[in-house]
Amino acid sequence: MRKTTGLALAFIALAGAVGTTAYAENNASARMREGTMMRLDKAMKDSNGTISFDQFSDAMNARLKKLVADNGGKLTVAQLADALEKARFEEMAKRIVARYDSKGDGTLTTDDITGREKKVFAMFDRNNDGKIERNELPKKGRMGRHHQWDGGDDSME
């Protein structure tokens, strides 16, 4: 009976892992399809409701084809990885600048960062006493992760 129970638990764990992977792949596929449809919709709007193969090809892989052309007609895994990483970090940088840039000039200054920190601090300091107390912190969800106090030195982990 114990062997059967062990096998059943192992099967449940395996099924959970496979299910989670399938779910993640499904979400990635759905996002890819959504991106494809957005590019096709834009191409169709730009050309009165119909698109040729060349327009379709440009809408689908213009950036990838440019990368290949920029690298002498061939693209290695390392070159593609570098380009993807750069694009990812550029998007992250744009979001950070948009969030902190108080003047709207596309640059960050120490004043922008300090101003943002003051706003966030004020949101936490609900009683406006110039200090953040445990009961003023969100319980869960709002900050992305639930932070726990270690109870010793009043610092968050």
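Conventions used here
- Residues numbered from 1 in each chain as written.
- Predicted model: local features only at pLDDT ≥ 70, side-chain atom pairs only at ≥ 80, totals over all residues.
- Heavy atoms only, no water.
- Helix = DSSP H or I, 4+ residues; strand = E, 2+ residues; numbered from the N terminus.
- Polar contact = N/O pair within 3.5 Å; in protein donor to acceptor, adjacent residues only side chain to side chain.
- Salt bridge = Lys/Arg side-chain N within 4 Å of Asp/Glu carboxyl O.
- Buried < 20%, exposed > 50% of the residue type's maximum accessible area, 1.4 Å probe, protein only.
- Phe/Tyr/Trp six-rings, centres within 6.5 Å; stacked < 30°, edge-to-face > 60°.
- Lys NZ or Arg CZ within 6 Å of the ring centre and 35° of its normal.
- Patch = residues over 30% accessible without salt bridge, like charges linked within 9 Å, V, L, I, M, F, W, Y side chains within 5 Å.
- Areas by Shrake-Rupley, 256 points an atom, 1.4 Å probe, with all protein chains shown as cover.
- Lys, Arg positive; Asp, Glu negative; His and termini not counted.
- Charge placed at Lys NZ, Arg CZ, Asp CG, Glu CD.
- pLDDT = per-residue confidence, 0-100.
- Contact = heavy atoms within 4.5 Å.

It is worth spelling out the side chain of D112 at this point. As for its placement among the helices and strands, D112 is situated in helix α4 (residues 110-124). A distance of 3.0 Å separates the side chain of D112 from the backbone nitrogen of T109, its partner in a polar contact.

The full count for this structure, using the stated rule, is 4 salt bridges. Residue E90 is joined to K86 by a salt bridge in which the shortest nitrogen-to-oxygen separation is 3.7 Å. In this pair, E90 and K86 both sit in helix α3 (residues 77-100), 4 residues apart, roughly one turn of the helix. Residue classification places E90 among the partly exposed residues on the basis of a relative accessible area of 39%. The exposure class of K86 is exposed, given its relative accessible area of 54%. A salt bridge links D112 to K103, with the nearest nitrogen and oxygen atoms 3.2 Å apart.

A word on the packing of aromatic side chains. Taken as a whole and judged by the stated rule, the model has 1 aromatic pair. Sitting above the plane of the F89 ring, R88 keeps its charged end 5.0 Å from the centroid.

Here we take up a positive patch on the surface. Together, R95, R99, R116 and K119 give the surface a local cluster of positive charge. Listing elements by their share of the positive patch, those giving two or more residues are α3 and α4. One can find R95 in helix α3.

Turning next to a nonpolar patch on the surface. Residues I96, L108 and I113 make up a contiguous nonpolar surface patch of roughly 210 Å² in combined accessible area. Judged by its relative accessible area of 35%, I113 falls in the partly exposed class.

The next point concerns the environment of D125. Tracing the backbone through its elements, the reader meets D125 in the segment after α4. On a C-alpha basis, the gap between D125 and L137 in space is 8.4 Å, while along the polypeptide they are 12 residues apart.

Here the focus is unusual backbone geometry. Despite not being glycine, N128 has its phi angle at roughly 55 degrees, a positive value. You can see N128 is positioned in the segment after α4. In this structure N128 comes out as exposed when scored by relative accessible area, which is 63%.

Okay, the confidence of the model for the protein next. Counting all residues, the mean pLDDT for the protein is 78, and 71% of those residues have values of 70 or more. Long-range and interchain partners of residues 145-157, a stretch whose pLDDT sits below 50, account for 16 contacts in this model, where long-range means more than four residues apart.

A separate point is the side chain of D125. Although D125 is buried, it forms no salt bridge, and the closest oppositely charged side chain is R126 at an N-O distance of 8.4 Å. For D125, the side chain forms a polar contact with the main-chain nitrogen of D129, separated by 3.2 Å. A polar atom in the side chain of D125 sits 2.8 Å from the backbone nitrogen of G130. Discounting chain neighbours no more than four positions away, the residues touching D125 are G130, K131, I132 and E136.

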